[in-house]
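Descriptive analysis of the structure
In case you want the letters, here they are:
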Amino acid sequence: MKKRIFSGIRPTGSIHIGNYLGALKNWTELQNKYDSIFCIVDLHALTTPTTAKNLQEKIFDLAAVYLSVGLDPKKCLFFVQSHVPAHAELTWLLNTIAKIPELERMIQFKEKSKERRSNVNAGLLDYPVLMAADILLYQTDAVPVGEDQKQHVEIARTLAKRFNKNYGRTFNVPQVIIKKESARIMALDNPEKKMSKSASSPYNYIALTDSSDAIREKIKRAVTDSGTEIKYSPARPAIANLMNIYHCFSGLTFEKIEQKYQGKGYADFKSDLAELIIAELKPIRRKIKELKNNPAQIKKILDQGAKDARIIAQKTLQEVKKKMGLI
Ligand code: AMP
Ligand code: TRP
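Residues numbered from 1 in each chain as written. Chains lettered and ligands numbered in written order. Predicted model: local features only at pLDDT ≥ 70, side-chain atom pairs only at ≥ 80, totals over all residues. Heavy atoms only, no water.

**Structural notes on the layout of surface pockets**
There is about 380 Å³ of room inside the second largest pocket. As for the second largest pocket, its lining consists of 14 residues, and the residues nearest its centre are Tyr232, Ala240, Asn241, Asn244 and Phe254. No other element matches the five residues that helix α10 (residues 237-250) contributes to the lining of the second largest pocket. Across the lining of the second largest pocket, the residue classes break down as seven nonpolar, four polar and three charged. (1 Å grid on protein atoms, 1.4 Å probe; cavity = no way out; pocket = protein on both sides within 12 Å on 5 of 7 lines; lining within 4 Å. Points joined across faces, edges and corners; volume = space filled by probe spheres on them. Helix = DSSP H or I, 4+ residues; strand = E, 2+ residues; numbered from the N terminus. Nonpolar A, V, L, I, M, F, W, Y, C, P; charged D, E, K, R; others polar.)

**Focus: the site of ligand 2**
Taken together, 13 residues sit near ligand 2, with His44, Tyr127, Met131, Asp134 and Gln149 positioned nearest. Between tyrosine 127 and ligand 2, the recorded distance is 2.6 Å, taken from a side-chain N or O atom to an oxygen atom. Only β1 (4-9) and α7 (122-137) provide two or more residues apiece to the shell around ligand 2. Among the elements that make up the shell around ligand 2, the one with the highest residue count is α7 (four residues). Taken together, the residues of the shell around ligand 2 sort by class into seven nonpolar, four polar and two charged. (Near = heavy atom within 4 Å. Polar contact = N/O pair within 3.5 Å; in protein donor to acceptor, adjacent residues only side chain to side chain.)

**Looking at the packing of aromatic side chains**
Overall, the coordinates contain twelve aromatic pairs when judged by the stated rule. Between phenylalanine 6 and tyrosine 138, the aromatic rings sit 5.3 Å apart at their centres with planes inclined by 20 degrees, giving stacked as the arrangement. Here tyrosine 138 lies in the loop between α7 and β4 (142-144) and phenylalanine 6 lies in strand β1, a separation of 132 residues in the sequence. With respect to class, phenylalanine 6 is no different from tyrosine 138; both count as buried. The interplanar angle of 35 degrees and the centroid separation of 4.6 Å between the aromatic rings of phenylalanine 163 and tyrosine 167 together place this pair among those described as tilted. A residue pair is termed a helical-turn pair when its members lie 3 or 4 positions apart in one helix, as phenylalanine 163 and tyrosine 167 do in helix α8 (residues 150-167) at four residues. Taking relative accessible area as the criterion, phenylalanine 163 reaches 0% and is therefore assigned buried. Judged by its relative accessible area of 29%, tyrosine 167 is partly exposed. Feature note: the residues Trp27, Phe38, Tyr66 and Phe78 constitute an aromatic cluster, connected by ring pairs. Its end group placed over the ring of phenylalanine 249, lysine 25 keeps NZ or CZ at 5.8 Å from the ring centre. Directly above the ring of tyrosine 203 sits arginine 221, whose terminal nitrogen or CZ lies 3.7 Å from the centroid. (Phe/Tyr/Trp six-rings, centres within 6.5 Å; stacked < 30°, edge-to-face > 60°. Buried < 20%, exposed > 50% of the residue type's maximum accessible area, 1.4 Å probe, protein only. Lys NZ or Arg CZ within 6 Å of the ring centre and 35° of its normal.)

Right under this line is the structure:
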């Protein structure tokens, strides 16, 4: 039997090349090898305040992105988290075994609560428990994510093991899958920080829907380190990040890239990098636009996905409830 993977993205902000390289692009390869489930995690998105109209739009947009990058509903299952009530229900049950200090230790929680200060909702603290419920409901074997989510997968493992110990074997304990080179794409305007959907400046990221001109402009304006050489070194984080993006889009090794740009400057390198990104994103952008004009097709796929997901999720939830004495 094929092993199962599960992963998700929040329908917030603009989906960027960090999400694409760190998550989506890998998923399109993994769907051929694994029994794959991909979720649009709208309940997680609610921890970032927004309007109902905007969230609705983002959910559809993200579904269009999933389809446009090549996720194939014939090969994988994808659905919207809130369409499967078992996610919220299992979250509550897992909350009773999750410990507050282990949630307070999460880097993402610490960062977000620093940003928001007086406006830290309980959902932010509970975020990893909902994510654990997502993963554990499907008896997932492995979770493909970017580096920033590793700690959250670790909590899912902890909760699975704790539940199994307290109540008897119920959950699979999932592994994490992280693709090293694309695990952490840094911001174009600050190579010390990861590329982020919620960044205030659009020069932080390249969105999958950016126009070719916008991509050229953003790469042109991307910060570089002092010096002029195209040479990979962790001591030069800006050029290291751009070279890494170059590698992810071209498949060329760092040595090959260095050879190619020997004696040339940043301008040549950046101009080629922009064209590489454009070549890969252009068909995706077109497809997204096309699909957004056909919401009925998206809705049909999401409805079927939720139907199939409910069956798998319900089976686990029933078992959990039985083990906990709730039936
Ligand atoms: P999020 O934007 O937080 O919903 O993340 C969705 C997926 O994209 C997760 O698997 C993240 O780990 C991944 N991801 C987000 N930002 C980056 C980044 N800058 N580099 C690599 N992967 C990322
Ligand atoms: N928390 C993840 C993120 O911000 C998204 C997510 C929610 C997820 N549930 C998941 C990822 C389950 C993997 C598996 O990127």
